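Observations on the model geometry
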Amino acid sequence: MNNAQNFFSKISKAKIFRSSFFWIVISGVLTSLTLYSKYLFFLTWISIIPLCYFLIKHKDSIRKCFLLVLLWALSFYLVLYTWFLFTQPMTIMGFDEWQDILIKNLNWLGVSLAQSLQMSLVGLAYGLIKPKGIWSPLVLGALWIVLEWAQGYGELAMVWGRLALSQYNFAPIIQSASLFGSLFVSFLIICVNGLIALYLWLLINQKISKKSLYIAAALVFLVNLCFGYTRIAVVNSSIKKSHTVPIAAVQADLPADIKWSLQKSEIFKMHYDLTVDAINNGAKVIIWPETIILTALEYSMFYDDLKNLVNDKQITLIVGSYNHDEEGNSYNALYCLDYAIQDYQVYRKRQLVPLGEFVPYQDLLNKFKFLEKFNLFENDVNPGKEAVVFNTSYGDFSGLICFDSIFQRFSYESVQKGAQVLFIGTNDSWYLGTAAIQQHYGHAVLRAVENNRFVVRAANAGVSGIISCTGKTIKELGSRKTGYIMYEVPLINQKSLYAITGDIIAYIALASAIVAFAYFRLLHNKKLFSNAQKNLLTHKINNK
């Protein structure tokens, strides 16, 4: 026993365990792991304590705050995006093995570094504001969600690693997203970690045991949890009165190497046969995955077959296909064919995947000739401009395509326009065997809760799912399976608070951060300057 105590005593005195950088790295890695396993969701509520603690400790140093958050973000994102290294081999696109390794590593390091530099702005702003006391966790939470929100804009937008995503497998926790979106869940997570960190800092550095802080942290968590269980019960009761429609999501097992080598007619037949089977079992609305038709649908050899099927069976069919406008621009699209409507309706994907659907910085990247094997330089896809609601015989539906679904504002805009159900068509076959499959699916769960809408997701090679407006997966078809899932999906008209206000919490957080800066730096410094003047005047009078 004594030997064990001596061993642990020596370990605890080691420099590395007294280093803030050690604990920051542990904090970032642990937080990232919560996005890999549904059983680790609870860790997010405590794993960021070290970062909050050392930010409180070093709040007077802008440089240290910046470096602390940068190091945490590097630890977080480098682990989060390791799935880049294990995506499907790019040799199927003509790259050799070394080029495949190089591209994957550059993607992993490049995205991780870019997002880490973005996140480090939180540390920079925190160091500039220098919040004190109870304001520390609140200011940090505000800054955090402003950054998460800002990451969702621009050509290279990426919001894959939001803290709220770690909670998608535990529905009661994420119900508050229906109030102010998934950003609000992230804010609560930071507040809980920050309150505990403030308690520990006061206890360790000032020998003050302020129990009200960890009680407040527990209350934030428990109130959020109670709200979640209450909302689930209320919503489940209310949707029983909603009109329902039998909707099916079709999925074929087409890994990336197979999809791009099969004949177009073979791919079409697989989905057509599954659709007929679903219709025979009562489906009235069917959705196919992304880009099943690799040409503009209306000009393809399959259009007449699909239109005849739709008319004969009196159904609505949503098909992933390419699309062209009158100027010849190409789009990644969802087509809606309805038996009662002569013409088709089209939604065009709004957020494109860099180096997958378009090439950023072409003047620079054109110098790397081997990248031409992506076959994108002459065929860039263009982004769509707006949400589209498919007005059909069975209800009002809106579509999202793949990458679209991780951005909350797109689904919000769809519901604003009257969507009763959200559809997601995606092709996740490039990520088979990696955590990206489930992480991408998790964003669909958040969209369902935020907007109080059922989400029907059709994914090539999986995972397809029908998700309730409380975030519960009702039906699921896993990876590497062929088939379809069907459910009597309620058509919901009632909007959540988030579906009314949108990302207002981001604007409130930004305004709060500006006010905090004005108070803690400008007004506080003015007060210090005023006191210094009074002291100087008093000193002069006393000398006289």
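Heads up: the structure comes first, above all this text.
Residues numbered from 1 in each chain as written. Predicted model: local features only at pLDDT ≥ 70, side-chain atom pairs only at ≥ 80, totals over all residues. Heavy atoms only, no water.

1. Some words on the environment of Y412
Topologically, Y412 is positioned in helix α15 (residues 408–416). Expressed as a C-alpha distance, the spacing of Y412 and A387, which sit 25 residues apart in the sequence, is 9.2 Å. Excluding anything up to four places from it in sequence, Y412 contacts N451, Y498, A499, I500, T501 and G502. (Helix = DSSP H or I, 4+ residues; strand = E, 2+ residues; numbered from the N terminus. Contact = heavy atoms within 4.5 Å.)

2. Details of the packing of aromatic side chains
The full count for this structure, using the stated rule, is 31 aromatic pairs. When the ring of F22 is compared with that of W23, the centres are 5.1 Å apart and the planes differ by 80 degrees; the resulting orientation is edge-to-face. A centroid spacing of 5.6 Å and a plane angle of 70 degrees characterise the contact between W149 and Y153, whose relative ring orientation is edge-to-face. With a relative accessible area of 14%, W149 lands in the buried category. Judged by relative accessible area, Y153 falls into the partly exposed class, the value being 40%. Among the aromatic residues, those joined into a cluster by ring pairs are W72, F76, Y77, Y81, W83, F84, W144, W160 and Y431. (Phe/Tyr/Trp six-rings, centres within 6.5 Å; stacked < 30°, edge-to-face > 60°. Buried < 20%, exposed > 50% of the residue type's maximum accessible area, 1.4 Å probe, protein only.)

3. Observations regarding the packing of helix α5 (residues 97–129) against helix α6 (residues 135–150)
Orientation of α5 relative to α6, taken along the N-to-C sense of each, is 145 degrees, at an axis distance of 9 Å. Considering the relative orientation of α5 and α6, their crossing is right-handed. Here α5 contributes Q118, M119, V122, A125, Y126 and I129 to the contact with α6, which in turn contributes S136, V139, L140, L143, W144 and L147. Residues of the contact of α5 with α6, tallied by class, amount to ten nonpolar, two polar and no charged. (Axes fitted to C-alpha atoms, helices over the stretch in contact; angles between N-to-C directions. Left-handed = near helix turned anticlockwise from the far one by under 90°. Nonpolar A, V, L, I, M, F, W, Y, C, P; charged D, E, K, R; others polar.)

4. Side note on the sheet that holds strand β9 (residues 421–427)
Strand order across the open sheet formed by six strands is β7-β8-β9-β10-β11-β12, with mixed pairing between neighbours. Because the sheet does not close on itself, it has two edges, and the strands there are β7 (389–391) and β12 (473–477). Each strand axis lies, on average, 20 degrees off the axis of its neighbour in the sheet, ignoring direction. Across four bridges, the pairing between strand β11 (residues 464–467) and β12 is antiparallel. (Pairing = 2+ DSSP bridges.)

5. Remarks on helix α13 (residues 303–313)
When we look at burial in α13, the residues that qualify are Y303, L306, K307, L309 and V310. Summarising the axial view, the buried residues of α13 lie within an arc of 160 degrees, below the 170-degree limit, and thus occupy one face. Relative to its buried face, α13 has exposed residues pointing more than 90 degrees away, namely D304 and D312. Against α12 (264–280), β4 (316–324) and β5 (330–338) lie the buried residues of α13. (Arc of directions from axis to C-beta.)

6. Thoughts on the pairing of β11
The alternating pattern of β11 places S464 and I466 on one face and G465 and I467 on the opposite face, and all of these are buried. Between the antiparallel neighbours strand β10 (residues 454–460) and β11 lie three residues, among them A461 with a positive phi of about 70 degrees. Adjacent in sequence and paired antiparallel, β11 and β12 are bridged by five residues, among which G471 carries a positive phi angle near 90 degrees.

Nothing here speaks to function; it is geometry throughout.
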